[in-house]
Amino acid sequence: MSAYQREVQIALEAVTSAAVLCQNVRQGDDFVALAKSDKSPVTVADFGSQAIVCRAIRAAFPRDLIIAEENADALRTEDQAPLLARVVAEVKKVVPSADEAQALAWIDAGISRDAAPRVWTLDPIDGTKGFLRGGQYAVALALIIDGQIEVAALACPALDDEGSIFWAVRGVGAFQRTAAGDKPIEVTSTSNSAKAALCESVESGHSDHDQSAKIAAALQIARPSVRMDSQAKYAAVARGDADIYLRLPTIAGYQEKIWDHAAGALVIAEAGGKVTDIDGQPLDFSLGSMLKNNRGVVATNGRLHDAVIAAIAKA
Ligand SMILES: Nc1ncnc2c1ncn2[C@@H]1O[C@H](COP(=O)(O)O)[C@@H](O)[C@H]1OP(=O)(O)O
Ligand SMILES: [Mg+2]
Ligand SMILES: [Mg+2]
Ligand SMILES: [Mg+2]
């Protein structure tokens with residue numbers, strides 16, 4: 001029996017149900033998007049997905065803490081009564097017995113922010129802008145124990161025809177879940193950067209496109225970069241669709257959030273790749289909700305890593 005079997009099972013069931021909720025919302029015509037205080041969007045599906053996943057974690061592992069992106073504050077205001085009604089309706093499609101008070105409590109189960117010996121981190125929709133524009137998005141869940149990511153579950157509902165689900169356990173491997181079972185995934189073996197495929201954010205506000213073009217030129221990368229929303233980029237590198245994922249800071253001092261990276265980072269590491277910050281330092285997931293000790297992210301197939309870090313240092 002492999003390590004964390006129950007955690008993997010619960011995490012995969014949770015992200016799969018959440019992905020169904022997200023696709024249900026996407027197939028409708030009203031996402032009910034709100035702008036948060038930082039101007040980033042949040043939709044009925046972000047709240048619904050967080051409710052579904054936190055409910056599952058709470059039920060299976062009641063003592064574990066959860067650091068998730070959203071909270072139910074906005075939904076508790078009178079102005080947002082129609083949005084709350086939509087969230088509850090979407091949650092009920094997946095969990096028929098759910099009521100409003102439960103939906104709110106499940107969302108707020110994810111409000112931890114501090115480090116803990118055993119803590120899950122959840123992005124209920126990573127790439128909300130991608131979700132809204134018909135691009136890629138992900139439901140990303142990871143278990144961090146004593147600061148190390150041990151388990152990852154990553155649903156990419158818009159990847160491939162039917163959506164794709166990835167998971168990893170530290171020291172065990174990275175897999176794509178298919179109808180025919182779990183298929184191990186592996187990064188490419190490209191060591192010639194001229195032949196590499198590079199992926200990055202669609203949003204130039206999330207990763208500096210001008211800088212990545214310079215780095216690509218320095219590495220003699222011939223192909224145009226592939227722009228994709230969300231942690232689907234980590235899945236792309238992990239299964240060999242791309243060789244490099246660059247996330248280059250656009251604002252000095254921006255701190256990345258752990259829910260934007262934990263699941264994807266373990267999937268790549270277990271697929272044989274490497275993930276660091278732009279200085280080549282390992283991402284430090286031991287500090288609570290933020291990657292306070294890191295700047296940006298560089299993920300590669302491993303073989304290309306040193307060359308990419310050197311090109312960034314020069315640029
Ligand atoms: N200035 C920024 N630099 C890097 N990432 C950002 C920045 N602003 C927002 N993000 C995060 O980028 C993620 C999407 O990344 P991608 O471009 O790869 O799809 C979102 O989770 C978003 O976080 P948030 O939703 O908390 O604002
Ligand atoms: Mg967001
Ligand atoms: Mg995110
Ligand atoms: Mg999100």
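Details of the structure are given in the entry above.
Computed from a prediction, not measured in an experiment: that's the story for all the values here. Counting of residues starts from 1 at the beginning of each chain's written sequence and follows it residue by residue. Here every chain gets a letter starting at A, and every ligand a number starting at 1, in the order they are written. The predicted origin of the model limits local features to residues at a pLDDT of at least 70 and limits the giving and counting of side-chain atom pairs to 80 or more, whereas totals for whole chains, interfaces and linings rest on all residues.

S.K.: What am I meant to see in the sheet that holds strand S11 (residues 226–227) here?
M.R.: The strands that make up a sheet pair up through hydrogen bonds in the backbone, lying either parallel or antiparallel. The criterion for strand pairing is that DSSP finds at least two bridges linking the strands in question. Put simply, DSSP marks the helices as runs of H or I at least four residues long and the strands as runs of E at least two long, and each gets a number from the N terminus on. Taken together, five strands build an open sheet; the order of strands is S11-S10-S12-S14-S13 and the sheet is mixed. Each edge of the open sheet carries a strand with a single partner, namely S11 and strand S13 (274–276). Placing a C-beta atom from the backbone of each residue, one calls two residues in contact when those atoms lie within 7 Å. Note on definitions: angles span 0 to 180 degrees between N-to-C directions of axes, and those axes are lines fitted to C-alpha atoms, for helices only across the stretch in contact. Across the sheet, helix H9 (residues 305–314) is in contact with strand S12 (244–247), S13 and strand S14 (297–300); its angle to S14 comes to roughly 150 degrees.

S.K.: Would you explain the site of ligand 1 in this entry?
M.R.: A residue counts as near a molecule or strand when its C-beta atom, positioned from the backbone, falls within 6 Å of it. In the region of ligand 1, 16 residues are neighbours, and Ser-40, Gly-127, Ser-201, His-206 and Asp-229 sit closest. The nonpolar class holds Ala, Val, Leu, Ile, Met, Phe, Trp, Tyr, Cys and Pro. Asp, Glu, Lys and Arg form the charged class, and all remaining residues, Gly among them, are polar. Considered class by class, the residues forming the shell around ligand 1 number two nonpolar, eight polar and six charged.

S.K.: Explain the sheet that holds strand S4 (residues 118–126) to me, please; I cannot follow it from the model alone.
M.R.: Ordered by their spatial adjacency, seven strands build an open sheet running S3-S4-S5-S6-S7-S8-S9, and the pairing between neighbours is mixed. Edge positions in the sheet fall to strand S3 (65–68) and strand S9 (181–184), since each has one partner strand and no second. This sheet shows a mean twist of 20 degrees between the axes of neighbouring strands, independent of strand direction. Relative to S4, helix H2 (residues 44–60) is tilted by about 155 degrees, and along the sheet it contacts S3, S4 and strand S5 (138–145). Taken strand by strand, helix H8 (residues 262–270) contacts S4, S5, strand S6 (148–156), strand S7 (164–169) and strand S8 (173–178), and its axis lies near 100 degrees from that of S6.

S.K.: Would you mind going over the packing of helix H1 (residues 5–27) against H2 with me for this structure?
M.R.: How two helices pack is summed up by the angle between their axes together with the distance between the axes. At their nearest, the axes of H1 and H2 sit 9 Å apart, and the two run at 160 degrees to each other. Relative to H2, the element H1 lies roughly antiparallel. In this structure, H1 crosses over H2, and the sense of that crossing is right-handed. Here Ile-10, Glu-13, Ala-14, Val-15, Ser-17, Ala-18, Leu-21, Cys-22 and Val-25 of H1 come into contact with H2, specifically with Val-44, Ala-45, Gly-48, Ser-49, Ile-52, Val-53, Ala-56, Ile-57 and Ala-60. In what follows, roughly perpendicular refers to angles from 65 to 115 degrees, roughly parallel to angles under 35, roughly antiparallel to angles over 145, and oblique to any angle outside these ranges. For any pair of crossing helices, the crossing counts as left-handed if the nearer helix is rotated counterclockwise from the farther one by less than a right angle, and right-handed if it is rotated clockwise.

S.K.: Is there a simple way to explain helix H3 (residues 81–94) in this structure?
M.R.: One turn of the α-helix equals 3.6 residues, which is why residues spaced by three or four share an orientation. The end-to-end C-alpha separation of H3 is 21 Å, in line with the 20 Å expected for 14 residues at 1.5 Å each. Three exposure classes are used, all based on how many other C-beta atoms lie within 10 Å of a residue's own C-beta (placed from the backbone): buried at 20 or more, exposed at 12 or fewer, and partly exposed between those limits. Buried residues of H3: Leu-84, Arg-86, Val-87, Val-88, Glu-90 and Val-91, and no others. Expected span of a helix, by definition, is 1.5 Å for each gap between consecutive residues, and there is one gap fewer than residues.

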